[in-house]
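Observations on the model geometry
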Amino acid sequence: MSYEEELTQFRNAWKDELSGTCPTKLVKAKQLYLKGMLLEREGYCYEAIEYFRQALKLVPDIEKSIDVNIDFGQSSSYPETISGLEEVEGQVLSNLSADRSKWLEKFNTSETHFDDIFTCLPERPSTRTHISALPNEIILSILRYVVSTELDLRSVESFGESCKWFYNLARTPQLWQAACQKIWPEVWPQSDSTTWRAIFINKPHMRFDGVYVSRIKYYRHGEQKPNLCCTLQTVFYHRFLRFFPDGLVLSLNTTQAPQNAVVALKDRASSNKDVTYGQYTISGQELKIVLFQRDISCRSSIKLKPDQSFNITFKLSGLTGRQTLQWLEYFTVEKKNGQTKKSTIAIVPPHFSKFVYVRAKSYTAASAGTV
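Note that this is a predicted model, so its numbers are computed, not measured. Position numbers for residues count from 1 along each chain, tracking the sequence in the order it is written. The predicted origin of the model limits local features to residues at a pLDDT of at least 70 and limits the giving and counting of side-chain atom pairs to 80 or more, whereas totals for whole chains, interfaces and linings rest on all residues. Hydrogens and water are ignored here; the side-chain numbers use all heavy atoms of the structure.

We now examine the overall build of the protein. Secondary structure is summarised from DSSP: a helix means a run of H or I of at least four residues, a strand means a run of E of at least two, and numbering begins at the N terminus for each. When helices and strands are counted, the protein shows 10 helices and nine strands. Think of it in three bands: with a 1.4 Å probe and only protein chains considered, a residue is buried below 20% of the maximum accessible area for its type, exposed above 50%, and partly exposed in between. Residue burial in the protein is summarised as follows: out of 371 residues, 37% are buried. Contact between two residues is taken to exist if any of their heavy atoms lie within 4.5 Å; hydrogens are not considered. By sequence separation, contacts in the protein at least 24 residues apart represent 55% of the contacts at least 6 residues apart. Per-residue and other accessible areas follow the Shrake-Rupley method at a 1.4 Å probe size, with only the shown protein chains counted as cover for residues. Looking at the protein as shown, the accessible area adds up to about 22,600 Å², and 51% of this sits on carbon and sulfur atoms.

What follows is the structure in structure tokens.
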């Protein structure tokens, strides 16, 4: 063999090594992938994933070299062990158990403590993968996105009504603990019998997947004309409050349709210039809000006017799904020329009607992140 031929052979082998398609690796990757396909078709998805993972480590685009429509025939005719699979990348794969009875031990994690977690099984045999094949970790990861940053535990409760398996997963303590500590970082169960779910349901807190609406209706005198009776005009407008778990609250007073206000309060950085921003604190059933007007001269970002604040105290009452806010106190604080002036506003009907919670489905239609 000449020097040029030897150099060409070396270059070709080097290129194959860099691309991960050298003959030895390609053969082993194919064997691993085919074994994974066989296990997947027999319903052993967990074991199949191990083989797929090792095959992709050897050849990342191994799918291009595999015929996905390959017919294995009877599973008993396929060899249990394949030459070259005894040990790949330092991990023994041929000893992986395909015993379904051991799935509970593999899939169960510290997130769950239920012995009868696998209660969801297909009603009749099917060649397709049933949802019961998903590990608990995958379901719980999805549920964390369902809860999202808006703490939509209502959807998790609906999920738990499907079957006993989903019921157990929907009551995973870590899921409710994450939601509770999002609102009350310092709160812990007082006893072993107290669950995180009970804390979330029974401890007063705001709802974050909707808005609180107050509808105001009053009459005012119209224009007085000579020789005519004084006319009365009926005025309608709405007040909206939107709360977030980190203490942020948005407020909007508008005469527009409620649907427009719900859209304006969906995001933290609202494009509506009439939205006011503030912070809230809740102690027992007493809710205190401090609002600041927005500086509309600042277009690039949200900037508040610190010289005037609106301070409101509400009484939170009602069940979690039927919450109402009753006015208790309302005053403004104005700072000007180094002096602070407090002005109390009398709470008289009909300008200060109660707020009622209304769920907004669009707020939880998409998840911005996990709880």
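Read on, since the account is not over.
We now examine the pairing of strand β5 (residues 286-294). Only strands joined by at least two bridges in the DSSP assignment are considered to pair. Pairing analysis gives seven bridges linking strand β4 (residues 276-283) to β5, with the strands arranged antiparallel. Each bridged residue has a counterpart across the sheet, and for Tyr277 the counterpart in β5 is Phe292. Count of turn residues in the β4/β5 antiparallel hairpin: two residues, of which Gly284 carries a positive phi of about 65 degrees. Direction of pairing for β5 relative to strand β6 (residues 304-317): antiparallel, over a ladder of eight bridges. The residue bridging Phe292 from the neighbouring strand is Ser309, located in β6.

What follows is about unusual backbone geometry. One non-glycine residue, Leu151, lies in the positive phi region at around 55 degrees. In the Ramachandran plot, Asn337 falls in the positive-phi region, its phi being about 55 degrees despite a non-glycine side chain. Here Asn337 falls in the exposed class, since its relative accessible area comes to 74%.

Take the pattern of salt bridges next. Salt-bridge detection follows one rule: a side-chain nitrogen of Lys or Arg within 4 Å of a carboxyl oxygen of Asp or Glu. Per the stated rule, a full pass over the model turns up seven salt bridges. Here Glu150 makes a salt bridge to Arg242, at a shortest N to O gap of 2.8 Å. Here Arg242 lies in strand β2 (residues 232-243) and Glu150 lies in the loop between α5 (136-147) and α6 (153-159), a separation of 92 residues in the sequence. You'll find Glu150 and Arg242 in the same group, each marked buried. Taken together, the salt bridges that share partners define one network made up of Glu157, Arg171 and Arg197.

Take the packing of α5 against helix α8 (residues 173-183) next. All axes here are fitted lines through C-alpha atoms, helices being fitted over the stretch that makes contact, and every angle between N-to-C directions spans 0 to 180 degrees. Two elements in contact, α5 and α8, have axes separated by 11 Å at closest approach and are oriented at 25 degrees. On the basis of their axis angle, the class for α5 and α8 is roughly parallel. The hand of the α5/α8 crossing is right-handed. Contacts between α5 and α8 pair Leu143, Arg144 and Val147 from the former with Gln174, Leu175 and Ala178 from the latter. Residue composition of the contact of α5 with α8, by class: four nonpolar, one polar and one charged. Our angle categories are set so that under 35 degrees counts as roughly parallel, over 145 as roughly antiparallel, 65 to 115 as roughly perpendicular, and the remainder as oblique. Less than a right angle of anticlockwise turn of the near helix away from the far helix marks a crossing as left-handed, whereas a clockwise turn marks it as right-handed. Residue polarity is assigned by list, with Asp, Glu, Lys and Arg as charged and Ala, Val, Leu, Ile, Met, Phe, Trp, Tyr, Cys and Pro as nonpolar; anything else, Gly included, falls into the polar class.

A pair of aromatic rings is counted whenever rings of Phe, Tyr or Trp (Trp by its six-membered ring) have centres within 6.5 Å, and the orientation is called stacked for planes under 30 degrees apart, edge-to-face for over 60 and tilted otherwise. Within this structure, the stated rule accounts for 15 aromatic pairs. Ring geometry for Trp188 versus Trp196: centroids 5.4 Å apart, planes at 65 degrees, classification edge-to-face. The class of Trp196 is buried, set by a relative accessible area of 9%. Each member of the aromatic cluster is reached from another via a ring pair, and the members are Phe314, Trp327, Tyr330, Phe352 and Phe355.

What a helix should span is 1.5 Å times the count of its residues minus one. Under the 1.5 Å per step criterion, the end-to-end length of α5 is 16 Å for 12 residues, consistent within 8% with the ideal 16 Å. Along α5, the positions that sit buried rather than exposed are Asn136, Ile139, Leu140, Leu143, Arg144 and Val147. Buried positions in α5, seen along its axis, are confined to an arc of 145 degrees and lie on one side of it. Two residues or fewer past α5, Ser148 is found with a positive phi of approximately 55 degrees. This arc is built from the directions going out from the helix axis to the C-beta atoms.

A separate point is the confidence of the model for the protein. In the predicted model, the protein carries a mean pLDDT of 78, and 78% of its residues have values of at least 70. Per-residue confidence from the predictor is reported as pLDDT, a score between 0 and 100. By mean pLDDT, the top-scoring element of the protein is strand β3 (residues 248-254) (92), and the lowest-scoring one is helix α4 (residues 103-107) (47). Taken together, the stretch residues 75-104 has pLDDT below 50 and engages in 56 contacts with residues farther than four places along the chain or on a different chain.

Here the focus is the side chain of Ser214. By the element assignment, Ser214 lies in strand β1 (residues 210-221). Within polar-contact distance, the side chain of Ser214 engages the side chain of Ser353 at 2.8 Å. Once residues within four sequence positions are removed from consideration, Ser214 is found in contact with Tyr237, His238, Arg239, Ser353, Lys354 and Phe355. Definition of a polar contact: a pair of N or O atoms within 3.5 Å, with one able to donate and the other able to accept a hydrogen when the atoms are protein atoms, and with sequence-neighbouring residues admitted only if both atoms are side-chain atoms.

The next subject is the side chain of His238. Within the secondary structure, His238 is located in strand β2. Setting aside anything within four residues of it in sequence, one finds His238 in contact with Val213, Ser214, Arg215, Leu252, Asn253, Thr254, Gln256 and Pro258.

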